[in-house]
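# Architecture at a glance
The primary structure of each chain is shown beneath.
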Number of protein chains: 2
Amino acid sequence: MSDVYAARRARLRDRYTAAGSAAALVSCPANVRYLAGGTPPGAVLLLGRDKDTDTLLCPRTAGDEPAGRLDGQLRISVLPTPSGDPAVAAAGLLPAGADSLAVEEHHLTVARHRAVGSVAPRARLMDLGGTVEQLRIVKDEEEIACLRIAAEIADQALGELLESILVGRTERHLALELERRLVDHGADGPAFPTTVATGPHAGRRGHRPSDRRVEEGDFLSVGLGADYHGYRCLIGRTFVIGTSPADWQIELYELVFAAQRAGREACVPSAGYREVDRAARQPLEAAGHGGGLAPRTGHGVGLEIDEDPQLAPAAMGKLDACVPVTVGPGVHLPGRGGVRIDDTLVVRPEADGGPELLTITTKELLAL
Amino acid sequence: MSDVYAARRARLRDRYTAAGSAAALVSCPANVRYLAGGTPPGAVLLLGRDKDTDTLLCPRTAGDEPAGRLDGQLRISVLPTPSGDPAVAAAGLLPAGADSLAVEEHHLTVARHRAVGSVAPRARLMDLGGTVEQLRIVKDEEEIACLRIAAEIADQALGELLESILVGRTERHLALELERRLVDHGADGPAFPTTVATGPHAGRRGHRPSDRRVEEGDFLSVGLGADYHGYRCLIGRTFVIGTSPADWQIELYELVFAAQRAGREACVPSAGYREVDRAARQPLEAAGHGGGLAPRTGHGVGLEIDEDPQLAPAAMGKLDACVPVTVGPGVHLPGRGGVRIDDTLVVRPEADGGPELLTITTKELLAL
């Protein structure tokens, strides 16, 4: 496994040296984990011209443990003082010859950037930008295997919830039970705060579980995901409570279901990000729901629950094979509720059977 | 309640105008919540020379809800486009006359700072630094009331756990049960990831709950806290499992207990931060445990679970009345386990009876 991380660092080294930088300082935790195999809290990674000098710098915080298993090939350096900033210490390790250092300007604060520069006054600070994030978009099969397990865990947790009594229970308790079940089934934790939305809340994006109790006739929408070895998936489903869904519920559900299927089917290699968004968005706009739609209908997942690509109307770029994305359009009718259906899938060529669906819980409208 | 937020903004306005800045852009979420009463995700607060122009700028993210209740006196502006950065939009709202803007350089990334500057090329960007964090250190009685309730909730959740069977259950499940009970008792959520550490893990700072099961003879250390209306407390306790603690367990417990009590008793107005740290640290060092000690023995709490002041050997500054802090020394013996005892208390003058202990769960060594 170590070789995987060394190979990732080599790909990054090619990028920043080609851009004219002698060294790179990686500070985004997910990027550090991607390149080092683990992230002790606050650790940063310093890469030079040559792999033998790659160093992971960790703050001195007695007792904290790294997430993930660190690459044994990496040099590890723990700061001598508790208050030190590993990014600043990294600048101090730059070889005398190094005249430039690429940093993640989208992550380093102005204050840290200044401190880094003051320690390495002769090194020109350049912007590494989203180089590591770009490397992370296409996953290898080991990463996809982690996402597959994460999705299985989420399916299991959701499936068990559906077998339990729901009426009368609060959104908060259902969310907490789902998170407990995720851990029961081997998740390192929830991939993001679980959302449970009932009745008028149903279908709201990012709804925070409240004390509202599930009632007969409610729409119930649930969004959850598992973190398995750092890889995070997402599943969203909407159900109706009670035996007889209302006509408007059935119509709205069928509409969102059709839009979500259209989005999934558009996830093929070389499809434009905006084409996938368009496929899922157009049916909802055509039905007159264009106004309240979320700014995007899906996004990449991996070491972060929300990473590139963005499936949105103005997004540039095309899908590649082995890119895991979510497809989750939703409609919320203020005061009435709504529907969200969200899957995590992996883009695969038609020859391999097309998109690989990771979250397999049924998308039939279940009346619970 | 609105007047409270207006008064806080007025205090901040005095600071940045005195420092020669015409306007201030607050982007740290906890600072925005402190000044605006709530924080829609990603929102920033723009303050000018005059309170009538104070504006909260929110990103356009359909469905997201603010945390807390927004101050009705504030002007609210939602960005027209989903991809926009509220900090950049705020710079665009600067009155033509404004020649300077103070920003939080410890929070704004280099990339955002550059974007803000490019929108307001005629405004000199200054550093607001930790001005709002400093205003937040001394709490008013309404804030302390929220912390008091948060502490009661944590005490209740912990008390219920102690009545249940512990042997054979995993750290993860105990942690999840504690978090469920926090919510049962009215918490908006856990104040931080609950830690449960058994046997050799016990007493480790920041230990991530694992699948290790509680065994007879274990030390069991627990750290949890409630978030109540945004205010976060912390309690840490250590117990022994089984009827007869070993001598080394009793000795170590009594040592940490004495150190923690010394730290609590040192929390009086005008006591130096480092004096409090010293009081809790010295007994542990004297007993030969100096090596593995955490870099600090306590810290402030409030809208963040970890805020100023820092109770550490090199910390500058003195405690004021109405400053809530944690006091939580701990000792971890590699391979054997250890003890942590952590309380949240409010600094009060001797005349008012001295430190007000918020977390009141017993600190006797309980054998469970």
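Please read these numbers as outputs of a predicted model, since none were measured by experiment. (Residues numbered from 1 in each chain as written. Chains lettered and ligands numbered in written order. Predicted model: local features only at pLDDT ≥ 70, side-chain atom pairs only at ≥ 80, totals over all residues. Heavy atoms only, no water.)

### Quick look at the overall build of chain A
Where we set the bar: Numbered from the N terminus, helices here are DSSP runs of H or I no shorter than four residues, and strands are runs of E no shorter than two. Atoms counted for the radius of gyration: C-alpha only. Globule rule: 2.2 Å times residue count to the power 0.38. Here's how the labels work: a residue is buried when its accessible area is under 20% of the maximum for its type, exposed when over 50%, partly exposed in between, all with a 1.4 Å probe on protein chains only. Contacts are assigned to residue pairs with any non-hydrogen atoms lying within 4.5 Å of each other. Here the Shrake-Rupley method, with its probe set to 1.4 Å, supplies the accessible areas, and only the displayed protein chains count as covering residues.
In terms of regular secondary structure, chain A is built from nine helices and 21 strands. Relative to the 2.2 N^0.38 estimate, which gives 21 Å for 368 residues, the radius of gyration of chain A is 23 Å and therefore close to what a compact globule would have. Each of the three principal axes of chain A carries a C-alpha extent, and together these read 75 × 45 × 35 Å. Out of the 368 residues in chain A, the part that is buried amounts to 56%. Restricting the contact set of chain A to residue pairs at least 6 apart, pairs at least 24 apart contribute 66%. Accessible area for chain A stands at about 14400 Å²; split by element, carbon and sulfur atoms hold 53% of it.

### Thoughts on helix α7 (residues 171–184) of chain B
Our working rule: A helix is expected to span 1.5 Å multiplied by its residue count minus one.
Here α7(B) is 14 residues long and its end C-alpha atoms lie 20 Å apart, about the 20 Å a rise of 1.5 Å per residue gives. The element α7(B) is extensively covered by neighbouring structure, given that eleven of its 14 residues are classed as buried. Those residues of α7(B) that fall on the buried side of the exposure criterion are B:E171, B:R172, B:L174, B:A175, B:L176, B:E177, B:L178, B:E179, B:R181, B:L182 and B:V183. Looking at the buried residues of α7(B), the elements they touch are α7 (171–184) of chain A together with α6 (141–162), β9 (189–190), β10 (195–198), β11 (219–224) and β12 (226–228) of chain B. Backbone geometry just downstream of α7(B) places B:G186 in the positive-phi region, at approximately 105 degrees.

### A short note on the environment of A:G263
All names here are of chain A. You can see G263 is positioned in helix α8 (residues 247–265). The buried category is assigned to G263, whose relative accessible area is 0%. In sequence terms G263 and P309 are 46 residues apart; their C-alpha atoms lie 14 Å from each other. G263 has contacts with V276, A279, A280 and V327, leaving out every residue within four places of it along the chain.

### Digging into the sheet that holds strand β9 (residues 189–190) of chain A
Residues and elements named next belong to chain A. The line we're drawing: At least two bridges found by DSSP between two strands are what make those strands a pair.
Reading across the sheet, the three strands line up as β9-β12-β13 and stay open at both edges, with antiparallel pairing between neighbours. What marks the edges here is a single partner per strand, and that holds for β9 and β13 (231–232). With two bridges joining them, strand β12 (residues 226–228) and β13 adopt antiparallel strand pairing. Each residue of the ladder has a partner; that of Y228, found in β13, is Y231.

### Observations concerning the domain arrangement of chain A
All names here are of chain A. The line we're drawing: Marked domain ranges trace back to an automatic or database domain assignment. We define buried area as the total accessible area lost by two parts upon association, computed with a 1.4 Å probe and summed across both.
Assigned domains of chain A: these are domain 1 (2–135) and domain 2 (141–357). For domain 1 and domain 2, the distance between their C-alpha centroids amounts to 34 Å. Each partner contributes residues to the interface: domain 1 has six residues there, and domain 2 has eight residues. Summed over both partners, the interface of domain 1 with domain 2 comes to about 510 Å²; 53% of that surface belongs to carbon and sulfur atoms. The largest per-residue losses of area from domain 1 upon contact with domain 2 belong to A30, R33 and Y34, which jointly make up 60% of the total buried on that side.

### A look at the state of the cysteines
Counted only if it meets this: The disulfide definition used here is simple: a pair of cysteine sulfur atoms within 2.5 Å.
For the structure on display, the rule yields zero disulfides over all chains. Of all cysteine sulfurs, the one in A:C58 lies closest to A:C28, which takes part in no disulfide; the gap is 16 Å.

### A word on the pairing of strand β17 (residues 324–327) of chain A
Residue and element names in this part refer to chain A. Burial along β17 is two-sided: P324 and T326 facing one way and V325 and V327 facing the other are all buried. In this structure, β17 lies alongside strand β20 (residues 343–346), joined through four bridges in antiparallel fashion. Within the sheet, the bridge partner assigned to V325 lies in β20 and is L345.

### A short note on the packing of aromatic side chains
Residues and elements named next belong to chain A. For clarity, the threshold we go by: Stacked, tilted and edge-to-face are the three classes applied to pairs of Phe, Tyr and Trp rings, where Trp contributes its six-membered ring and a pair requires centres within 6.5 Å; stacked means planes under 30 degrees apart, edge-to-face means over 60, and tilted covers the rest. A ring has a charge above it when a Lys NZ or an Arg CZ is no more than 6 Å from the ring centre and no more than 35 degrees off the ring normal.
Under the defined criterion, the tally for this structure stands at two aromatic pairs over all chains. Centroid distance F219 to W248: 5.5 Å. Interplanar angle 85 degrees. Geometry classified as edge-to-face. With F219 in strand β11 (residues 219–224) and W248 in helix α8, this residue pair connects regions lying 29 residues apart in the sequence. For W248, a relative accessible area of 25% puts it in the partly exposed group. Here the basic side chain of R336 rests over the ring of W248, its NZ or CZ set 4.2 Å away from the ring centre.

### Some details on the side chain of A:D343
Residue and element names in this part refer to chain A. Our working rule: Whenever a nitrogen or oxygen atom comes within 3.5 Å of another N or O atom, the pair is scored as a polar contact, on the condition that within protein one atom can donate a hydrogen and the other can accept it, and that pairs from neighbouring residues in sequence are kept only if both atoms are in side chains.
With respect to the secondary-structure elements, D343 resides in strand β20. Polar side-chain contacts of D343 include one of 2.9 Å to the side chain of Q260. Every residue in contact with D343, bar those within four places of it in the chain, is listed here: L234, R237, Q260, R264, V325, T326, V327, L357, T359 and K363.

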